[in-house]
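# Architecture at a glance
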Amino acid sequence: MSTVPGAVRLNRQTAGLPKDLSEAVEATLADWRANGNNKVHKLWTGDPTLWTHRDEDKWLGWLRIAGEQLADLDHLISVAADIKSANFSHVLLLGMGGSSLCPEVMSLTFGRQPGSPELHVLDSTDPAQIKTREQQIDLANTLFIVSSKSGGTLEPNIFKQYFFAKVKQLVGEQEAGRRFLAITDPGSKMQQVAEQDHFRRILFGRANIGGRYSALSDFGMAPAAIMGVDTKLFLERTQEMVEACGPDKSAEQNPGVMLGAILGTAALPQFGRDKVTIITSPGIHDLGAWLEQLIAESTGKDQKGLIPVDRERLAPPASYGDDRIFIYLCLQTSSDAEQDAAVAVLAEAGHPLVTIAVEETYNLGQEFFRWELATAVASSILHVNPFDQPDVEASKIATKALTSEYELTGKLPEEKPFFAGDTLELFTDERNLSELSVAADESASLVAHLKAHLDRIKPHDYFALLAYIEMNEEHEAALQEIRHAVRDQKRVATCLGFGPRFLHSTGQAYKGGPNSGVFLQVTCEDAEDLAVPGQKYTFGAVKSAQARGDFKVLLDRERRALRVHLGTDVKAGLEILSAAIMSALGYELGKAIWDNAI
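Our subject in this report is the structure included herewith.

Rules of the game
Residues numbered from 1 in each chain as written. Predicted model: local features only at pLDDT ≥ 70, side-chain atom pairs only at ≥ 80, totals over all residues. Heavy atoms only, no water. Salt bridge = Lys/Arg side-chain N within 4 Å of Asp/Glu carboxyl O. Helix = DSSP H or I, 4+ residues; strand = E, 2+ residues; numbered from the N terminus. Buried < 20%, exposed > 50% of the residue type's maximum accessible area, 1.4 Å probe, protein only. Polar contact = N/O pair within 3.5 Å; in protein donor to acceptor, adjacent residues only side chain to side chain. Contact = heavy atoms within 4.5 Å. Phe/Tyr/Trp six-rings, centres within 6.5 Å; stacked < 30°, edge-to-face > 60°. Core = buried A, V, L, I, M, F, W, Y, C linked by side-chain atoms within 4.5 Å. 1 Å grid on protein atoms, 1.4 Å probe; cavity = no way out; pocket = protein on both sides within 12 Å on 5 of 7 lines; lining within 4 Å. Points joined across faces, edges and corners; volume = space filled by probe spheres on them. Nonpolar A, V, L, I, M, F, W, Y, C, P; charged D, E, K, R; others polar. Expected span 1.5 Å × (residues − 1). Pairing = 2+ DSSP bridges. Axes fitted to C-alpha atoms, helices over the stretch in contact; angles between N-to-C directions. Parallel < 35°, antiparallel > 145°, perpendicular 65-115°, else oblique. Left-handed = near helix turned anticlockwise from the far one by under 90°.

Below, the discussion takes up the pattern of salt bridges. Counted under the stated rule, the structure contains 43 salt bridges. Put simply, Lys149 and Asp185 hold a salt bridge, and the shortest N to O gap is 2.5 Å. Of this pair, Lys149 sits in the loop between strand S4 (142-147) and helix H7 (154-171) while Asp185 sits in the loop between strand S5 (180-184) and helix H9 (189-196), placing them 36 residues apart in sequence. Taken as a pair, Lys149 and Asp185 share a single burial class, namely buried. One salt-bridge network, held together by shared partners, links Glu312, Arg324, Arg487 and Asp488.

With respect to the helices and strands, Ser214 occurs in the loop between strand S6 (201-204) and helix H10 (218-226). Residue classification places Ser214 among the buried positions, given a relative accessible area of 3%. At 2.5 Å, the side chain of Ser214 forms a polar contact with the backbone oxygen of Gly211. Not counting residues up to four positions away in its chain, the partners in contact with Ser214 are Gly98, Ile209, Phe219, Gly220 and Glu372.

One pass over the structure, following the stated rule, counts 23 aromatic pairs. With centroids separated by 6.3 Å and ring planes inclined at 35 degrees, the aromatic side chains of Trp44 and Phe369 adopt a geometry described as tilted. Pair noted here: Trp44 is in helix H2 (residues 39-44) and Phe369 is in helix H15 (residues 364-382), with a separation of 325 residues, a long-range link. By relative accessible area, which is 0% here, Phe369 ends up buried. With 4.9 Å between their ring centres and 20 degrees between their planes, Phe144 and Phe180 make a pair best called stacked. Pair noted here: Phe144 is in strand S4 and Phe180 is in strand S5, with a separation of 36 residues, a long-range link. Grouping residues by exposure puts Phe144 and Phe180 together as buried. Connected via pairs of aromatic rings, a cluster forms that spans Phe144, Phe159, Tyr162, Phe163, Phe164, Phe180, Phe199 and Phe539.

Turning our eyes to something else, we now look at the nonpolar core. Within soluble globular proteins, side chains that are nonpolar tend to cluster in buried spots. Leu43, Trp62, Trp290, Leu329, Phe368, Phe369 and Trp371 are the most contacted members of the largest nonpolar core, which has 94 residues in total. Top element by residues in this core is H15. It accounts for eleven residues. Leaving out residues up to four positions away in the same chain, Phe368 has contacts with Cys102, Val105, Met106, Ala215, Leu216, Phe234, Leu287 and Trp290. Core analysis: the second largest hydrophobic core is formed by 40 residues, Val447, Leu450, Val522 and Leu585 among them.

Attention shifts here to empty space enclosed by the protein. Scanning all chains against the criterion turns up two cavities of 30 Å³ or more. Looking at the largest cavity, its volume works out to about 140 Å³. Around the largest cavity sit Leu101, Ala289, Glu292, Arg311, Met471, Leu496, Gly497, Phe498, Arg501, Phe502, Ser505 and Thr506, which together line it. For the lining of the largest cavity, the elements supplying multiple residues, two or more each, are helix H13 (287-299) and strand S14 (493-498). By residue number, the principal contributor to the lining of the largest cavity is S14, which donates three residues. Of the residues assigned to the lining of the largest cavity, the class counts are six nonpolar, three polar and three charged. Together, Asp123, Ser124, Gln129, Met471, Phe498, Gly499, Pro500 and Arg501 line the second largest cavity. Residue composition of the lining of the second largest cavity, by class: three nonpolar, three polar and two charged.

Bringing helix H14 (residues 337-348) into the picture now. Because the α-helix completes a turn every 3.6 residues, residues three or four places apart line up on one side. Compared with the 16 Å implied by 1.5 Å per residue over twelve residues, the 16 Å span of H14 between its first and last C-alpha is a close match. Elements in contact with the buried residues of H14: strand S7 (275-280), strand S9 (324-331) and strand S10 (353-358). Its side-chain oxygen 3.0 Å from the backbone nitrogen of Glu338, Asp336 forms the N-cap of H14. At the C-terminal side of H14, Gly350 shows a positive phi close to 95 degrees.

As a further point, take the sheet that holds S6. The strand order S3-S2-S4-S5-S6 describes an open sheet built from five strands, whose pairing is parallel. Looking at strand neighbours, the two that pair on one side only are strand S3 (118-122) and S6, the edges of this open sheet. Taken over all neighbouring pairs, the strand axes of this sheet differ in orientation by 20 degrees on average, direction set aside. Where S4 lies against S5, four bridges are found, and the strand directions are parallel. In the strand pairing of S5, Phe144 is matched with Phe180. Contacting S4, S5 and S6, helix H4 (residues 74-85) crosses the sheet at an angle of about 150 degrees to S6. Lying over the sheet, H10 contacts strand S2 (90-94), S3, S4, S5 and S6, oriented at roughly 150 degrees with respect to S5.

Two elements in contact, helix H5 (residues 101-110) and H13, have axes separated by 8 Å at closest approach and are oriented at 165 degrees. Judged by the angle between their axes, H5 and H13 are roughly antiparallel. Helix-helix and strand crossings are classified by hand; for H5 and H13 the assignment is left-handed. On H13, the residues that touch Leu101, Cys102, Glu104 and Val105 of H5 are Leu287, Ala289, Trp290 and Gln293.

Written out as structure tokens, the structure reads:
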């Protein structure tokens with residue numbers, strides 16, 4: 001692996017597009033470079049007329065943050081040296097969405113660096129997930145990073161309450177604060193908490209950079225420095241892409257503008273290719289999770305937007321509809337020959353494909369910037385504000401109402417399923433129920449109800465599994481089996497998200513984007529719950545409130561949504577659900593398993 005900045009090349013980008021789409025992209029690029037209407041220059045000067053002419057000009061600090069970080073590297077070097085000298089064995093970052101996804105990408109891509117602590121990320125209120133993270137670290141020898149831009153986000157605050165109480169029991173109140181570091185915006189509630197509890201350090205974000213655009217700010221780079229990544233080298237590589245995408249570069253020579261023009265144009269109604277299907281080399285697999293949030297939360301609003309599809313297994317070309325555009329991020333130092341061949345088959349079959357050759361992992365920052373710029377450009381083409389998230393806020397309000405009621409009454413409101421089997425229950429509203437063909441049949445089985453729901457999937461729709469259960473390999477494998485069965489039978493794009501983390505990511509597009517999603521939310525009874533210090537509600541209650549709030553907003557937005565509730569044995573519940581769905585889809589094996597299960 002080269003570590004000589006001068007030897008680095010830009011990650012190369014190529015595109016193979018159908019003729020009509022290619023011609024439309026050329027017209028888009030011509031519009032961006034038109035005399036007297038240089039939109040690249042407008043973007044760099046913060047002209048809000050590129051989007052909706054609201055407050056977009058207030059959120060463009062990400063354009064220059066890489067260079068600013070390079071000019072002020074001392075603070076990153078200092079915090080990394082401080083943490084290294086303290087001999088922490090682990091770092092646990094407590095955050096959600098934009099505060100946690102870049103650190104997760106860095107951790108899973110670079111792994112543990114020699115002589116530095118191992119970085120873990122917690123972004124779930126699921127009690128089992130919290131216990132798993134707790135068991136992966138040495139509580140007495142861990143640095144906790146509380147990462148929250150606004151300082152008021154529910155999850156990081158209650159994570160902090162939980163682990164601060166744990167650490168205080170081990171090392172005492174005076175020493176506990178020395179095990180915590182905050183990353184937040186100046187003047188936030190989290191800054192006040194950090195000062196009150198005598199945190200080891202407080203690092204600040206930028207008020208003009210939104211959470212999902214914050215990867216190259218301290219929200220991404222401070223955890224990277226602490227885990228031992230050479231942030232100077234990383235940012236130098238990134239700056240090469242920033243300069244390649246600069247205001248002096250014409251639209252057709254600008255990698256970010258070119259990608260954004262392709263994505264935005266492809267999603268226009270005359271093409272309808274709004275399912276951005278992300279394929280990544282195994283060595284950079286988690287980049288897809290970061291891209292999901294950036295794309296979905298930026299573009300998915302006003303009934304428009306791009307639907308990112310991540311971690312969907314590659315299939316023969318006939319498995320895909322004409323609403324797809326494929327993105328292949330191929331790591332050059334460890335490419336996968338089988339994956340390369342499968343992608344080549346898609347291209348040969350005429351599917352639109354953008355290929356980005358990522359030279360090595362230290363070039364990952366180039367993709368952070370390319371995609372931030374591309375997403376801003378695509379949002380301009382779609383005429384949406386890439387820097388707000390109105391439907392995420394709606395879910396937060398619905399969750400807040402439920403947690404407040406729990407604080408007053410000690411319980412969440414009662415709810416009644418419309419179907420109750422031996423192990424699984426089904427919920428939805430009257431509108432959805434009226435659309436299910438078997439709703440009036442009180443003897444209808446679980447399979448019949450699931451079949452009626454899945455039969456609502458039409459061409460150009462997408463199917464999304466929204467799972468409020470622990471995110472682990474076993475659960476993901478079971479849910480992946482379901483999504484791929486639906487993809488192959490219905491020939492539609494499929495998505496899989498674990499709650500509540502997806503609420504701060506794809507949740508915006510699911511509620512505010514095009515009404516083309518068919519949703520199956522999966523919830524469970526927690527086998528063991530965890531108390532939140534200082535609160536009446538528990539982590540399990542918070543997760544339930546988040547799931548119910550999420551579901552309510554989906555229903556309020558008139559989405560086609562069904563909720564299946566598992567018991568405390570999540571593994572067994574998923575097996576039953578999988579068998580029922582396979583049977584509903586007409587798979588003979590699924591029918592046999594289902595018959596045996598009942």
